[in-house]
4 protein chains.
Amino acid sequence: MAIREEIRELARRFMEEEVPFNRFLGMRITHLDAGEANMEIPFRDELVGDPFRPALHGGVISALLDTCGGAAALTTLDSLEDRASTVDLRVDYLRPGRKETLVAEARVVRAGNRVAVVQLSAFHPGDRERPVATGVGVYNMRRKGEGVQP
Amino acid sequence: MAIREEIRELARRFMEEEVPFNRFLGMRITHLDAGEANMEIPFRDELVGDPFRPALHGGVISALLDTCGGAAALTTLDSLEDRASTVDLRVDYLRPGRKETLVAEARVVRAGNRVAVVQLSAFHPGDRERPVATGVGVYNMRRKGEGVQP
Amino acid sequence: MAIREEIRELARRFMEEEVPFNRFLGMRITHLDAGEANMEIPFRDELVGDPFRPALHGGVISALLDTCGGAAALTTLDSLEDRASTVDLRVDYLRPGRKETLVAEARVVRAGNRVAVVQLSAFHPGDRERPVATGVGVYNMRRKGEGVQP
Amino acid sequence: MAIREEIRELARRFMEEEVPFNRFLGMRITHLDAGEANMEIPFRDELVGDPFRPALHGGVISALLDTCGGAAALTTLDSLEDRASTVDLRVDYLRPGRKETLVAEARVVRAGNRVAVVQLSAFHPGDRERPVATGVGVYNMRRKGEGVQP
């Protein structure tokens, strides 16, 4: 199911420009549809975690997966004023991340009124079958006017 | 059990100065002992993930927890040339992170030849009993000369 | 905060007698209060998973932790007709379980309208400081009349 | 890559007949190959966890996933005397399990000398695309003669 272009543009602008940490890491949304999001971070030297191999920092990978999962969860909400916040995140690190663009792919596998479960994968361009990491994020769906959960 | 001051200083220098992403986020080691590590990130505006509340980005929290867990795992190894790499990380986000220093505490609960399991907690100074997030990291212990696991 | 004795008795009867799998494994509730539950399974030969060591089966441990976490989550609801269902469960197996009674302890660390997060620990009587396993369960809170989440 | 029929038969007999809890739940191996295992549990009334819906107990699902993941991990070892023990298990419960046979599918996504990471899925026959649960297991690989990790 497609979402409207206007929504996609608003979401893109918010995620890329108005979330300070996303901007700090240089995250970009490359795909957004109902229950789906792809994001990426172009490589830069500050993202290295293991200077010997060298390899991307696990924190870069988990931050991108968490954010991409949140973007996918958001597409299942009705209003741009609704919000999704992460309840828990699990990341399995399968291979060292190379000094290249890192792509994340998120697919909602359970979408409810209160909770969304999103499967996550991080890989390098052209190497989707050999993921750097996979994971699952669980998001709390908060509709406008409901207030904040403790 | 105490570790030698010399080891502590080498570990501190490596983690704070030679890991580019740790340096980029401004991470500091504040405690390091056998099976234990505390680290922190001073607040700066780039670390915000939710500009409305505002609240720290989940990626900042998971990056700090992952790194602090790795530091604690390293203290169970014999040589400075041994390495610990994250196998998996789970983070439970319990409360929004405020615009303050974020502290992480890591305690090794299982230390083996091959695998270390580390319990993790992130909180603000003076508010340890109300953690922003808790988690668990599993680390692969790699001794010098053993080669890299696929 | 204490819960009423009547509620405790109804919950005990339901969990021990009316949930077939709990009964099959011989689970008992030994403590139930607001945000807290303890349960246990007496040892029997059918619970062994590793006949060589011998050690309890991981599935026995995860089943007890999941159920005990659900019982703790239930105590945060208002009505006996409300329900808690598991969204996700993580278990870290720290030591082999011995051929003894297995105790689980569950403490709610986040209780919201929609989601409860519960910390879990499994151990043998008198050996709480050396847990067989620790874990975290996330539960979906469903109030009477709200219908079932997909 | 195929494994020898003799190995498959020995593994099947061990998992189905010599592990008491597997036998107690009626687990069967239906597929075993290098890095792969499928197992199933035929339905019986004792496996119900929610007598109202009714639905399978989460503990049945996690026990089957854990065991099936261990079987898949074992196929990456060299000797029948090697062992795999679970380090951690994560299960995401996506849909209620029906009163039917439950099938588990396990695929090794990272196989190392020390650690294997296995992706897991549980579903009903003919309904693989709508899993009851998905998960990930991390297993500690212990070769004969290495001794037991603390």
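Keep in mind that what you see is a predicted model, and the values were worked out from it rather than measured.

## Side note on the interface of chain D and chain A
- Taken together, the contacts link seven residues of chain D with seven residues of chain A.
- Counting only elements with at least two residues in the side of chain D that touches chain A, the list comes to β5 (83-93) and β6 (102-111) of chain D.
- Its residues placed into classes, the side of chain D that touches chain A shows four nonpolar, no polar and three charged.

## Observations regarding the sheet that holds β6(D)
- Ordered by their spatial adjacency, twelve strands build an open sheet running β1(C)-β2(C)-β6(C)-β7(C)-β8(C)-β5(C)-β5(D)-β8(D)-β7(D)-β6(D)-β2(D)-β1(D), and the pairing between neighbours is antiparallel. Edge positions in the open sheet fall to β1 (28-33) of chain C together with β1 (28-33) of chain D, since each of these has one partner strand only. In this sheet, adjacent strand axes meet at a mean angle of 20° when their direction is disregarded.
- Bridge count for strand β7 (residues 115-123) of chain D against strand β8 (residues 133-142) of chain D is eight bridges, and the pairing is antiparallel.

## Focus: the relation of the copies chain D and chain A
- Least-squares fitting of chain D to chain A yields an RMSD of 0.0 Å, with the superposition described by an axial translation of 0.0 Å and a rotation of 180°. Within this description, the copies of the chain are treated as partners about a two-fold rotation axis. Within chain D, R90(D) has its C-alpha nearest the rotation axis, a separation of 4.2 Å.
- Interface overlap between copies is the fraction of interface residues in one copy that are interface residues in the other; for chain D against chain A it reaches 100%, indicating a shared surface.

## Quick notes on the sheet that holds strand β1 (residues 28-33) of chain B
- On the basis of which strands lie adjacent, the open sheet formed by twelve strands has the order β1(A)-β2(A)-β6(A)-β7(A)-β8(A)-β5(A)-β5(B)-β8(B)-β7(B)-β6(B)-β2(B)-β1(B) and antiparallel pairing. Each end of this open sheet is capped by a strand with a single partner; those strands are β1 (28-33) of chain A together with β1 of chain B. Geometrically, the sheet is characterised by an average inter-axis angle of 20° between neighbouring strands, direction not taken into account.
- Pairing analysis gives five bridges linking β1(A) to strand β2 (residues 36-41) of chain A, with the strands arranged antiparallel. Each residue of the ladder has a partner; that of R28(A), found in β2(A), is E40(A).
- Of the strands in this sheet, β5 (83-93) of chain A together with β1, β2 (36-41), β5 (83-93), β6 (102-111), β7 (115-123) and β8 (133-142) of chain B touch helix α3 (residues 58-74) of chain B, which is tilted by about 45° from β6(B).

## Considerations on the interface of chain A and chain B
- The partner chain B presents 27 residues to the 27 residues of chain A that form the contact.
- Here the element with the most residues in the side of chain A that touches chain B is β5(A); it accounts for eight residues.
- Considered class by class, the residues forming the side of chain A that touches chain B number 13 nonpolar, seven polar and seven charged.
- With five bridges joining them, β5(A) and β5(B) adopt antiparallel strand pairing. Bridge pairing in β5(B) places R90(A) opposite R90(B).

## Quick notes on α3(B)
- An ideal rise of 1.5 Å per residue puts 24 Å on 17 residues; α3(B) measures up with 24 Å between its terminal C-alpha atoms.
- Along α3(B), 17 of the 17 residues are buried, which leaves the element largely enclosed by surrounding structure.

Each value, and the rule that gives it
- Residues numbered from 1 in each chain as written.
- Chains lettered and ligands numbered in written order.
- Predicted model: local features only at pLDDT ≥ 70, side-chain atom pairs only at ≥ 80, totals over all residues.
- Contact = placed C-beta atoms within 7 Å.
- Helix = DSSP H or I, 4+ residues; strand = E, 2+ residues; numbered from the N terminus.
- Nonpolar A, V, L, I, M, F, W, Y, C, P; charged D, E, K, R; others polar.
- Pairing = 2+ DSSP bridges.
- Axes fitted to C-alpha atoms, helices over the stretch in contact; angles between N-to-C directions.
- Least-squares fit on C-alpha atoms with pLDDT ≥ 70 in both.
- Expected span 1.5 Å × (residues − 1).
- Buried ≥ 20, exposed ≤ 12 C-beta atoms within 10 Å, placed from the backbone.

Keep in mind these numbers describe shape, not what the thing actually does.
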